[in-house]
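Notes for the structure review
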Amino acid sequence: MRVISTVSEFQSALDQARLSKTVGLVPTMGYLHDGHASLIVRAHSENDFVAVTVFVNPLQFGVSEDFSTYPRDLDRDVELARQAGADVVFAPTINEMYPDYPEALPTKVSVSKLSEVLDGKSRPGHFDGVATVVAKLFAMAGRVSAYFGEKDFQQLAIINQMAADLSFPVKVIGCKTVRETDGLAASSRNVRLSEDDRQAALILYKALQLGKGLIESGENNSITVARAMESLIKCEARAELDYATCVDPKTLLVPDVIRNDVQLLVAAKFSNVRLIDNVKANFSEPNTRAGSGFQNNNVVKADSLRLERG
Ligand code: AMP
């Protein structure tokens, strides 16, 4: 496996590979964990050649955010990427990506609407930074399949929109969220949690499960679901809640009444470490729902059978 650091080497490595191979791309900010590994493994299973990029992108961090403390360890990343099936790791310096840095880049990619809600509201400019760096990586990479995690659900939606709108020859593929055994979503930021905060952070997944349970047992008021998730997170004193909400997975807007599958999303800080998570909640018509009249009839029948047998 090769480790390269210049844009021209990256472009020629991918051009060369594409002469005889399909190419998978896995963009990351490094400090790789099982979530990243799952993307690389999937890219490896679906392509002949896999490129992983490792770049902590300053454009997507706000001034008071954790750019300088974001965890970094390239040697470890290279080893993990190799084990997961990568053929090349592209790890550029900031000046290789942005020659005039810290001067602002005159060009930026901005995806309206989808970037204006949720994390876009809490982190102004964040998604412009994400869309800009991903557009640069797509422009360098050319025709590839690119793998992104559903863990960053809004980011995935924005990248899908951008790739379609700007006609990048890139197939964007969303991959399931990888979790620790207790439910916490794997994240590079988890290493910055104290033991107490690590425990407290479980409240995010618990809140998502609560919301999902409510919807899947018939609650169709999105505000009621959001309030229930918010209240649960607020019970955890170490959590500083940003949002807990229920949105349409395509528009990321809150539906008045839940009539289709929705995405539940949460964000909170634990001693300044900001975590996000999300799950899908399946909507089902009332008469097909577990616990609905139809199902209850079956239960009654089963009970009466048992009685008859008894
Ligand atoms: P990051 O390094 O945090 O920018 O993430 C790089 C890619 O890995 C993004 O597409 C993320 O959505 C994805 N990713 C991060 N955490 C997870 C996870 N727990 N499960 C699946 N994918 C993830």
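Read on for a plain summary of the structure. Numbering of residues starts from 1 in every chain and runs along the sequence as written. Only residues with pLDDT of 70 or above have their local features reported here, since the model is predicted, and side-chain atom pairs are shown and tallied only from 80 upward, although totals for entire chains, interfaces and linings are computed over all residues. Only hydrogens and water are set aside; all other atoms, that is, all heavy atoms of the structure, feed into the side-chain values.

Where side chains of opposite charge bring their charged atoms close, a pairing between them can arise. By definition, a salt bridge exists where a carboxyl oxygen of Asp or Glu is found within 4 Å of a side-chain nitrogen of Lys or Arg. Taken as a whole and assessed by the stated rule, the structure comprises 18 salt bridges. For Arg179, the salt bridge identified is with Asp277, shortest N-O distance 2.8 Å. Here Asp277 lies in strand 9 (residues 273-281) and Arg179 lies in the loop between strand 6 (170-175) and helix 8 (195-200), a separation of 98 residues in the sequence. Look at Arg179 and you get partly exposed, because its relative accessible area is 23%. Relative accessibility thresholds used throughout: buried, under 20% of the residue-type maximum; exposed, over 50%; partly exposed, between the two (1.4 Å probe, protein chains only). On the basis of relative accessible area, Asp277 is assigned to the buried category, the value being 4%. A salt bridge links Asp197 to Arg238; the nearest nitrogen and oxygen atoms lie 2.6 Å apart. Separated by 41 residues along the polypeptide, Asp197 in helix 8 and Arg238 in the loop between helix 10 (222-234) and strand 7 (239-247) bring together distant segments of the chain. Residue classification places Asp197 among the buried positions, given a relative accessible area of 3%. Judged by its relative accessible area of 37%, Arg238 is partly exposed. One connected set of salt bridges, linked through shared partners, spans Asp66, Arg189 and Arg192. Put simply, DSSP marks the helices as runs of H or I at least four residues long and the strands as runs of E at least two long, and each gets a number from the N terminus on.

On to the site of the ligand, then. Around the ligand, a shell composed of 17 residues is seen, among which Met29, His36, Asp152, Val178 and Ala186 lie nearest. In the model, an oxygen atom of the ligand is placed 2.8 Å from a nitrogen or oxygen of the His36 side chain. Gly149 places a polar main-chain atom, nitrogen or oxygen, 2.9 Å from an oxygen atom of the ligand. Note on areas: these come from Shrake-Rupley sampling with a 1.4 Å probe, and a residue is covered only by the protein chains present in the view. In the complex, 93% of the free accessible area of the ligand, which totals 480 Å², lies under the protein chains. For the shell around the ligand, the elements supplying multiple residues, two or more each, are strand 2 (23-28), helix 2 (34-46) and strand 5 (144-149). Top contributing element to the shell around the ligand by residue count: helix 2, with 3 residues. Note that Gly is not counted as nonpolar here; it falls among the polar residues with everything else outside the nonpolar set of Ala, Val, Leu, Ile, Met, Phe, Trp, Tyr, Cys and Pro and the charged set of Asp, Glu, Lys and Arg. Classifying every residue of the shell around the ligand gives 7 nonpolar, 7 polar and 3 charged. Whether a residue is near a molecule or strand depends on its heavy atoms: if one lies within 4 Å, it is near. Polar contact is the term for a pair of N or O atoms within 3.5 Å; when the atoms are in protein, one must be able to donate a hydrogen and the other to accept it, and sequence-neighboring residues count only if both atoms are side-chain atoms.

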